[in-house]
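Spelled out, the chains give:
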Amino acid sequence: MSINVKTIHLHKLKMRLNHPFTTSFGTVQDKEFFIIEAVDDKANHGYGESVAFSTPWYTEETVMTTEHIMEDFLIPILQQNSWNHPKEIHQLFSSIKQNNMAKAAIEGAIWDLYAKRENISLSQAIGGTKSEIDVGISLGIQPTTEELLKKINHYVQAGYKRVKLKIKPGQDIDLIREVRSHYPNLPIMADANSAYTLKDIDLLKQLDAFDLMMIEQPLGSDDIVDHAKLQKAINTPICLDESITSYDDARWAIELGSCKVINIKTGRVGGLTEAKRIHDLCVENNVDIWCGGMLEAGVGRAHNIALSSLAGFNLPGDTAGSSHYWKEDIIKPEVIVDNGVIHVPDGPGIGYDINHEKLEQFMMASKEFHF
Ligand SMILES: O=C(O)CCC(=O)C1=CC=C[C@@H](O)[C@@H]1C(=O)O
Ligand SMILES: [Mg+2]
């Protein structure tokens, strides 16, 4: 059955995070992004969310490049070509290089629309089987170690299954040692967001003493060669984030031995279809996987929950509850974490309703494109 899209809306929103999020390369507090709303001939509404930040510090994309690519290239491709299933969209968009977050935002709205037309959940539509997913918490760099320990305590009490700490040169070994001394058995991981080079190998070797679950993206954001050298030299498993932007990136990294874990984010890899291919590849090769986060609002979070319901996601993801990020989210009900677990919704599509009042409240602009 073909999907007869009538309109795509690009709603631009701005929402303020409860707490500024600081990494090795900057701080985010006000998040601008797009909610993509695709409407079909039967008045079904599918939703996607763009995850690029306002500055290109995580990948090359920004809120403005996302808008340009969606409006001037991706939506016209959908208007000018015939297609029947969301699985075809990643291939259809392949004439446009990179710009994966723009592609994922549009493809995500079409996946949700498809699932709603079929009256199945998004999880079911992509082949998910889990009814519950385990979640961890990602804590940005804090002003003091006392504040970090206070936050860790809060999330450990709430049942989160692991804690991810952001590290950077000067705030690494001592910080991890301190946290580990307070929590001898807590599953802890560290994310460096590319803050180190191979010259730091002796320092990175010291991490082996703290029994970390993994170290995420210690080296260059597009590197897999130096990561392979580092993985041979340290026991701590390396998890790649920024370096994996496609199925082929994952295949090459696995072949080279650049990592033992992959963090899959739909935005970074261009959508759910590619994310699922990477999932399948990791399962075949016994590579551990978990679902990363991009400080999403409710729509993006719901997509992450559906993705995490695929059987191969064997480690807790960065999909914390709505209230960790926002005073009020744009979905109803909000995402609730119950003792470290999220129950995967089984209603049609993303399984959460849009809170239209909140959507309007946070909307800065809106454009529509007719088919
Ligand atoms: O809670 C989340 O959504 C995860 C937050 C998080 O760790 C990240 C979000 C965006 C960019 C990065 O700094 C980082 C990551 O690298 O995984
Ligand atoms: Mg990361």
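Keep in mind that what you see is a predicted model, and the values were worked out from it rather than measured.

A. Broad picture of the coordination of the magnesium ion (ligand 2). Ligation of the magnesium ion (ligand 2) by protein atoms is provided by Asp-191 (OD), Glu-216 (OE) and Asp-241 (OD), these donors lying 2.1 to 2.3 Å from the ion. Positions of the donor residues of the magnesium ion (ligand 2) along the chain correspond to the pattern D-x24-E-x24-D. Of this pair, Asp-191 sits in strand S7 (residues 188-191) while Glu-216 sits in strand S8 (residues 215-216), placing them 25 residues apart in sequence. What makes Asp-191 buried here is its relative accessible area of 1%.

B. Focus on the site of ligand 1. Lining the immediate environment of ligand 1, one finds 18 residues, of which Ser-138, Asn-193, Lys-265, Leu-295 and Tyr-325 sit closest. Contact distances for ligand 1 include 2.6 Å between an oxygen atom and a side-chain N or O atom of Tyr-325. Expressed as a share of its isolated accessible area of 400 Å², the protein-covered part of ligand 1 is 100%. A per-class count over the shell around ligand 1 returns 7 nonpolar, 4 polar and 7 charged. For the shell around ligand 1, the domains that each give at least three residues are domain 1 (5-119 + 353-370) and domain 2 (125-343).

C. Local environment of the UniProt feature "domain: Mandelate racemase/muconate lactonizing enzyme C-terminal" (unreviewed entry) in the protein. Per the UniProt entry, the sites bearing "domain: Mandelate racemase/muconate lactonizing enzyme C-terminal" (unreviewed entry) are residues 145-237 in this numbering. Split by type, residues 145-237 is 41% helix and 11% strand. Its first and last C-alpha atoms lie 25 Å apart.

D. Region of interest: the sheet that holds strand S5 (residues 137-139). Here we have 7 strands laid out as an open sheet, ordered S5-S6-S7-S8-S9-S10-S11, and parallel in their pairing. Edge positions in the open sheet fall to S5 and strand S11 (288-291), since each of these has one partner strand only. For S5 and strand S6 (residues 163-166), the ladder comprises 3 bridges, and the chain directions are parallel. Considered in S6, the bridge of Leu-139 is made with Leu-165. Together, S5 and S6 form the strand contacts of helix H5 (residues 145-157), whose direction differs from that of S5 by roughly 170 degrees.

Cut-offs applied
Residues numbered from 1 in each chain as written. Chains lettered and ligands numbered in written order. Predicted model: local features only at pLDDT ≥ 70, side-chain atom pairs only at ≥ 80, totals over all residues. Heavy atoms only, no water. Donors = N, O, S within 2.8 Å, 3.2 Å for Na, K, Ca; no water. Helix = DSSP H or I, 4+ residues; strand = E, 2+ residues; numbered from the N terminus. Buried < 20%, exposed > 50% of the residue type's maximum accessible area, 1.4 Å probe, protein only. Near = heavy atom within 4 Å. Polar contact = N/O pair within 3.5 Å; in protein donor to acceptor, adjacent residues only side chain to side chain. Areas by Shrake-Rupley, 256 points an atom, 1.4 Å probe, with all protein chains shown as cover. Nonpolar A, V, L, I, M, F, W, Y, C, P; charged D, E, K, R; others polar. Domains from an automatic or database assignment. UniProt positions renumbered as here; feature names shortened; annotations may be inferred. Pairing = 2+ DSSP bridges. Contact = heavy atoms within 4.5 Å. Axes fitted to C-alpha atoms, helices over the stretch in contact; angles between N-to-C directions.

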